[in-house]
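Inside the fold
The chain contents come next:
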Amino acid sequence: MKVVLVVIGKTDEQYLEKGISKFIDRLKHYVPFEMKVITDIKNTKNMKALQQKQKEGELILAQLQSGDELILLDEGGKSFSSRGFSNFMEQKMLRGLKRLVFVIGGPYGFSDEVYKKSNGKVSLSAMTFSHQMVRLIFVEQIYRAFTILKNQPYHHD
């Protein structure tokens, strides 16, 4: 199974980029992984939130391939412990998925079309994080899930 993380816009902060790269490099020892960055939409100041979500939604859906399972990172999603998330990932692998696609949306969330196409939602916290910080937190959690599955000492209960 390949894990794909789709994000809107580039990471602006070098410290976040460095951390994200660190965990992506580590992750590649466990699972094929790719982070796809969708370029920020231009002239969003002249758009309403709904229009921006629609345009981002079209770009997100264009990233999908037939047979992909789409999971949205969404505040209304299911919360997991790190062990629970590792079990979630294991179940996806056991199902024989070709690609598991996670998406971190833009500042206004997802369009209705993206929600309809999704196979589930995951919440990292009841707190709100910047969508750039979520990238680092989530990539680390994917890495942690695989170290748990391999019984490696990265995670301590």
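Please refer to the structure placed before this passage.
Residues numbered from 1 in each chain as written. Predicted model: local features only at pLDDT ≥ 70, side-chain atom pairs only at ≥ 80, totals over all residues. Heavy atoms only, no water.

Side note on the overall build of the chain
Put simply, the test is: Helix and strand labels come from DSSP, where a helix needs a run of H or I of at least four residues and a strand needs a run of E of at least two; each type is numbered from the N terminus. Restricting the calculation to C-alpha atoms gives the radius of gyration, and the globule rule supplies 2.2 Å times the number of residues raised to the power 0.38. Burial status follows relative accessibility: with a 1.4 Å probe on protein chains alone, a residue under 20% of its type maximum counts as buried, one over 50% as exposed, and anything between as partly exposed. Between two residues, a contact is recorded if the distance between any of their heavy atoms is within 4.5 Å. We get accessible surface area from the Shrake-Rupley algorithm with a probe of 1.4 Å; when it comes to residues, only the shown protein chains can shield them. Counted charges follow a simple rule, with Lys and Arg positive, Asp and Glu negative, and His plus the chain ends left uncounted. Positions of charges follow a simple convention, taking NZ of Lys, CZ of Arg, CG of Asp or CD of Glu.
Looking only at helices and strands, the chain features 5 helices and 5 strands. Taken against the 2.2 N^0.38 rule, which gives 15 Å for 157 residues, the C-alpha radius of gyration of the chain at 15 Å falls within 12% of a compact globule. When each of the 157 residues of the chain is scored for burial, the buried share is 45%. Residue pairs in contact within the chain that sit at least 24 positions apart in sequence constitute 85% of those at least 6 positions apart. A total accessible area of about 9,000 Å² is found for the chain, and carbon and sulfur atoms account for 48% of it. The positive charge centre, built from 24 side chains, and the negative charge centre, built from 17, are 2 Å apart in the chain.

Remarks on the packing of aromatic side chains
Applied cut-off: Two rings from Phe, Tyr or Trp (for Trp, the six-membered ring) form a pair when their centres are within 6.5 Å of each other. A pair whose planes differ by under 30 degrees is stacked, one over 60 is edge-to-face, and the rest are tilted.
Scanning the model with the defined rule gives 11 aromatic pairs in all. Here the aromatic residues Phe23, Tyr30, Tyr143, Phe146 and Tyr154 are joined through ring pairs into a cluster of three or more.

Focus: the nonpolar core
Convention followed: Here the nonpolar core consists of buried residues drawn from Ala, Val, Leu, Ile, Met, Phe, Trp, Tyr and Cys, with membership extended through side-chain atoms lying within 4.5 Å.
Counting residues in each nonpolar core, the largest one holds 27 residues, and the members touching the most others are Leu5, Leu27, Phe33, Phe85, Met89, Phe102 and Ile142. Where this core is concerned, the elements lending two or more residues are β1 (2–8), α1 (14–27), β2 (33–38), β3 (69–79), α3 (82–94), β4 (99–104) and α5 (131–149). Per-element accounting of this core gives the leading share, 7 residues, to α5. The residues touching Phe33, leaving out its near neighbours within four places in the chain, are Val3, Leu5, Ile24, Leu27, Lys28, Val139 and Ile142. Core analysis: the next-biggest nonpolar cluster, separate from the first, contains 12 residues, Ile8, Ile38, Leu64 and Val114 among them.

Focus on the pattern of salt bridges
For the record, the criterion: When a carboxyl oxygen of Asp or Glu is within 4 Å of a side-chain nitrogen of Lys or Arg, the pair counts as a salt bridge.
Inspection of the entire model under this criterion finds 6 salt bridges. The salt bridge partner of Lys10 is Asp12, with a shortest N-O separation of 3.3 Å. In this structure, Lys10 and Asp12 share a single accessibility class: exposed. Among the salt bridges present, the one from Glu140 reaches Arg144, with a minimum N-O distance of 2.7 Å.

Re the environment of Ile24
Among the structural elements, Ile24 can be located in helix α1. Overall, the relative accessible area of 12% leaves Ile24 in the buried class. Separated by 10 residues in the primary sequence, Ile24 and Glu34 place their C-alpha atoms 8.0 Å from one another.

Comments concerning a nonpolar patch on the surface
Test applied: The patches reported here contain residues having more than 30% relative accessible area and no salt bridge. Joining distances are 9 Å for like charges and 5 Å for nonpolar side chains (Val, Leu, Ile, Met, Phe, Trp, Tyr).
Together, Tyr15, Leu124, Met127, Phe129 and Met133 make up a nonpolar patch on the protein surface, roughly 480 Å² of accessible area in all. For Met133, the location among the structural elements is in helix α5.

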